[in-house]
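# Working through the structure, step by step
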Amino acid sequence: MSGPLPDRQHYDAIIVGGGPVGSVASLHLARAGMAVALIEEFEHPYPYPRAVMFDAYSCAILAEILGHDFGRISLKRTPRAGYYLDKDNLDEPFAHTALEVGDTRNWFVQPQVEDILRDVAGQTDNIDTFYGWSARKLYTEGESQLTIEELSSRTMRDLSSTYLLGCDGANSFVRKQAGGSLTQLGDNVLFLVIDAISAPEHRVGDDGCAYQIVDQQRPTTYLPMGVENHVRWEFRINPGDDILEIQSPERIREFIAPFSDPDHTELLRHTVYKFNSLIANRWRFGNVFLCGDAAHQTSPFLGQGLNMGMRNTRNLCQKIELVASGAAPSSLLDRYQAECYEDTKGTIKEALKMGKLLFNTSPPANALRATISRLRRGKPIDITAQIAPTARALDLADDVPSRLRKLLPRVRVEPDGGPSTFLTLLHPERAKIIADGPLAATAFGGLDSLLESVRPELYAAVDAPHAQTMGQALVLPDERQRTALFGDATYVAMLENSVLLGRFAAGDERAVCDAYRAAFQLKSN
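Summarised in this report is the structure supplied together with it. (Residues numbered from 1 in each chain as written. Predicted model: local features only at pLDDT ≥ 70, side-chain atom pairs only at ≥ 80, totals over all residues. Heavy atoms only, no water.)

Helix and strand counts for the protein chain come out as 10 helices and 30 strands. For the protein chain, the C-alpha radius of gyration of 24 Å lies close to 24 Å, the compact-globule estimate for 525 residues. Once the C-alpha set of the protein chain is aligned to its principal axes, its extents read approximately 70 × 65 × 40 Å. The buried share of the protein chain, taken over its 525 residues, is 55%. For the protein chain, the exposed area adds up to about 22,400 Å²; of that, 49% sits on carbon and sulfur atoms. (Helix = DSSP H or I, 4+ residues; strand = E, 2+ residues; numbered from the N terminus. Rg over C-alpha atoms; globule rule 2.2 N^0.38 Å. Buried < 20%, exposed > 50% of the residue type's maximum accessible area, 1.4 Å probe, protein only. Areas by Shrake-Rupley, 256 points an atom, 1.4 Å probe, with all protein chains shown as cover.)

The next subject is a negative patch on the surface. On the surface, D86, D88, D91 and E92 cluster together into a patch of negative charge. Overall, the relative accessible area of 36% leaves D86 in the partly exposed class. (Patch = residues over 30% accessible without salt bridge, like charges linked within 9 Å, V, L, I, M, F, W, Y side chains within 5 Å. Salt bridge = Lys/Arg side-chain N within 4 Å of Asp/Glu carboxyl O. Lys, Arg positive; Asp, Glu negative; His and termini not counted. Charge placed at Lys NZ, Arg CZ, Asp CG, Glu CD.)

What follows is about the sheet that holds strand β18 (residues 278-280). In spatial order, the strands read β12-β18-β21; together these 3 strands make up an open sheet with antiparallel pairing. Of all the strands in the sheet, just β12 (182-184) and β21 (296-297) have a single pairing partner and so form its edges. Relative to β18, β12 runs antiparallel, the two being bridged by 3 bridges. If you follow L182 over to β18, its bridge partner there is A280. (Pairing = 2+ DSSP bridges.)

Right, let's get into the sheet that holds strand β4 (residues 76-77). In spatial order, the strands read β3-β7-β4; together these 3 strands make up an open sheet with antiparallel pairing. Each having just a single partner strand, β3 (53-54) and β4 make up the two edges of the open sheet. The sheet contact formed by β3 and strand β7 (residues 106-107) spans 2 bridges and is antiparallel. Within the sheet, the bridge partner assigned to M53 lies in β7 and is W107.

Of all 6 residues in strand β27 (residues 457-462), 5 are buried, a share of seventy percent or more. As defined by bridge partners, strand β26 (residues 432-436) adjoins β27 across 5 bridges and the pair is classed as parallel. Looking at β27, one finds that K432 is bridged to E457. Examined bridge by bridge, β27 and strand β28 (residues 472-475) share 4 bridges and lie parallel to one another. The residue of β28 that forms the bridge with V462 is V475.

Taken together, the buried positions of helix α5 (residues 249-256) are occupied by R251, I252, F255 and I256. Considered in projection along α5, the buried side chains sweep an arc of 125° and stay on one side of the axis. Exposed side chains of α5 directed beyond 90 degrees from the buried face belong to P249 and E250. Elements that come into contact with the buried residues of α5 comprise β13 (189-197), β16 (230-236) and β17 (266-275). (Arc of directions from axis to C-beta. Contact = heavy atoms within 4.5 Å.)

What follows covers the nonpolar core. Counting 96 residues, the largest nonpolar core has L66, L146, L165, F444 and Y516 as its most contacted members. Excluding anything up to four places from it in sequence, Y516 contacts A431, K432, I433, L447, L450, P456, A493, M494, L495 and L501. Membership of the second largest hydrophobic core comes to 18 residues, among which are Y84, L90, C209 and Y211. (Core = buried A, V, L, I, M, F, W, Y, C linked by side-chain atoms within 4.5 Å.)

Below, the structure written as structure tokens:
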């Protein structure tokens, strides 16, 4: 870190790893009033893109954490993604995964985002940043004791904290020190990843689109991201390939030539990545927690690696905030893994499934695709990837009534003053109560005692915008969807990330408030 070392040795929380996940965790906890130390071995952000896509949930988290600084991030909306049988004809997809109404998946450039996060963290009074420092020793004796070393001077320093978050990537020091293990969910795959700058006039394809090319010789992902002319390619490395030879300048020119004029393409980097599908068996060790790639790693075919880390770490930080404030017991922190594990495991497996669509280039599979394409006369197949956020029930306890376990239907809504979207994409970072009809001003006064970070937003499903109601008006244009959402209930209560808390009848407002308190194990006033 630059400047004099801080005098503080003990912190409420230490974050090991200063990438996007660790930086967002630091800002969340600092803004909850906690003293935070952020440890990152790289003095400057890694200069090349790694993750490249934010989904709606991550964008909402960043907007909330960064405030007006969120507008400094260059984003490009992703209009569509498709699978193609021929790299020379990117106008005719064999299949496409159309984005849903209201989905806001965006390409971004990670070094820019990390610069902004570091800038904001550096201006936050209760965050001490240790850039250029590496974690060397960790043990827990009541509190976490961490020894760190400044790489430039070899200076050693001892820190302690009440909570410690390992946001330090796939080769996590924290996971290894804690004795954590990983389970492999699918085969690892090697890809040659190339990042470059290429203006639209020198390349093919539409800005912002994702092209998955089922090339019989070498399956390829091509991403003309449209953010500051950044382009990414991912070429599968086949058995028998010479790893060094395929990274030669001549072969790289050969690889990118069908997509971009090599003479007008500025190569930023090329590297070989192993795409893993792994999940840690334990995410909590006392008050030490694994987050992001330290807890789970996925292949990139849904763009969910960083996004899973962002939303899962937010889940943890909300719980730490409640426990640290004395509002909830430490046992609430066990729900971090309980609530996030199955969703994360399912997303990793879904990414594997989508990858197999790209990898399966066997003669029978190629013949089947060609036949289907010919019979459909060029009309692409619709593919729906089941990725988060998905609506599901929260298993609070064994005695939760079955009515609380029913899933939410896919309901299209029109917020007052906002664009049409699906309910699962409407402020996924916030808990919500949706009422069937206008809300009385005093209906949910019992929620005022909840911390703002977990307090649900109120919505009233009405027939037309600008209806007089407490909370925000939400138009449900389809009466059948209204019936599917509410059934014979008056209220639908949700947690963040579209987790259904329950359906409740009119007059059960107290029960709704109690359900939220139970979900966060909040202590009685």
